[in-house]
Amino acid sequence: MTLKESGQMYLEAIYVLLQKNEKIRSIDVGAYLGYSKPSVSRAIGILKKGGYITVDEWGYITLESMGKELAEQMYERHTVISNMLIALGVDIETATEDACRIEHVISDKSFDAVKKHYYDYNK
């Protein structure tokens, strides 16, 4: 199952929240993203069905290996791209917003080149 941009955003949000808190629920994801309960509920259902996450009987969300791998990839893309844009002189807010859009459409080949250049430059 290929995950669309919105699903990738949810996974990334879950990943970020789980870095800060041991346990999170759908309500935490909705608050973080600023989305409504019905939107979050639908997305969580899609992520569960796709095997990206599990939700236990108390509503706590866990990333499955496939979901964690994709979430880490999206987070890395977001971080590298936003840091690169900031290094180029783009303000933090714009860099973060642009990185959020770019991370979902950039090819692996192009991202690998950007990442290599960014890390080589910042040694």
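The structure we're discussing is the one just above.
What comes next concerns the included structure. (Residues numbered from 1 in each chain as written. Predicted model: local features only at pLDDT ≥ 70, side-chain atom pairs only at ≥ 80, totals over all residues. Heavy atoms only, no water.)

### Things to note about the pattern of salt bridges
Any two side chains of opposite charge can pair, on the condition that their charged atoms come close. Quick note on the threshold: The term salt bridge refers to a pairing of a side-chain nitrogen on Lys or Arg with a carboxyl oxygen on Asp or Glu at a separation within 4 Å. Strands are runs of DSSP state E lasting at least 2 residues, helices are runs of H or I lasting at least 4, and numbering of each runs from the N terminus.
According to the stated counting rule, one finds three salt bridges in the structure shown. Here Asp 98 makes a salt bridge to Arg 101, at a shortest N to O gap of 2.5 Å. Note that Asp 98 and Arg 101 are positioned in helix α5 (residues 92-102) at a spacing of three residues, about one turn of the helix.

### Digging into the side chain of Ser 82
Which entries qualify depends on this criterion: Under the scheme applied here, a residue whose accessible area is under 20% of the maximum for its type counts as buried, over 50% as exposed, and between as partly exposed, the area being computed with a 1.4 Å probe on protein chains only. Under the rule applied, a polar contact is a pair of N or O atoms within 3.5 Å (in protein, one hydrogen donor and one hydrogen acceptor; residues adjacent in sequence only if both atoms are side-chain atoms). Should any heavy atoms of two residues lie within 4.5 Å, those residues are considered in contact.
The topology assignment puts Ser 82 in helix α4 (residues 65-87). Relative accessible area serves as the criterion here: at 7%, Ser 82 is assigned to the buried category. Side-chain polar atoms of Ser 82 contact the backbone oxygen of His 78, separated by 2.8 Å. There is a polar contact of 3.2 Å between the side chain of Ser 82 and the backbone oxygen of Thr 79. If near-sequence neighbours (up to four positions away) are discounted, Ser 82 is found in contact with Ala 95, Thr 96 and Ala 99.

### Quick look at the nonpolar core
Applied cut-off: We call a set of buried Ala, Val, Leu, Ile, Met, Phe, Trp, Tyr and Cys residues a nonpolar core when their side-chain atoms join them within 4.5 Å.
The biggest cluster of nonpolar side chains holds 19 residues, and the ones touching the most others in it are Leu 11, Ile 14, Val 29, Leu 47 and Ile 53. Those elements that place two or more of their residues in this core are α1 (5-20), α3 (37-49), β2 (61-63) and α4. The element best represented in this core is α1, accounting for five residues. Contact partners of Ile 14, with chain neighbours within four places excluded, come to Ile 24, Val 29, Ile 44, Leu 47, Ile 53, Ile 61 and Leu 63. In terms of nonpolar packing, the next biggest core, distinct from the first, is built from eight residues, Val 80, Ile 81, Ala 95 and Ala 99 among them.

### Here we look at the packing of α4 against α5
Formally: Helix axes are fitted only over the stretch in contact, all axes being lines through C-alpha atoms; the angle between N-to-C directions runs from 0 to 180 degrees. Roughly parallel means an angle under 35 degrees; roughly antiparallel means over 145; roughly perpendicular covers 65 to 115; every other angle is labelled oblique. If you view the pair so one helix is near and one far, a crossing is left-handed when the near helix is turned anticlockwise from the far one by less than a right angle, and right-handed when it is turned clockwise. Residue polarity follows a fixed list, in which Ala, Val, Leu, Ile, Met, Phe, Trp, Tyr, Cys and Pro are nonpolar, Asp, Glu, Lys and Arg are charged, and the others, Gly among them, are polar.
Relative orientation of the contacting elements α4 and α5 amounts to 140 degrees, with a least axis distance of 8 Å. By the angle between their directions, the pair α4 and α5 is classed as oblique. For α4 against α5, the interelement crossing comes out right-handed. Every residue of α5 that contacts α4 at His 78, Ile 81, Ser 82, Leu 85 and Ile 86 is listed here: Ile 92, Ala 95, Thr 96, Asp 98, Ala 99, Cys 100 and Ile 102. In terms of residue class, the contact of α4 with α5 is built from eight nonpolar, three polar and one charged.

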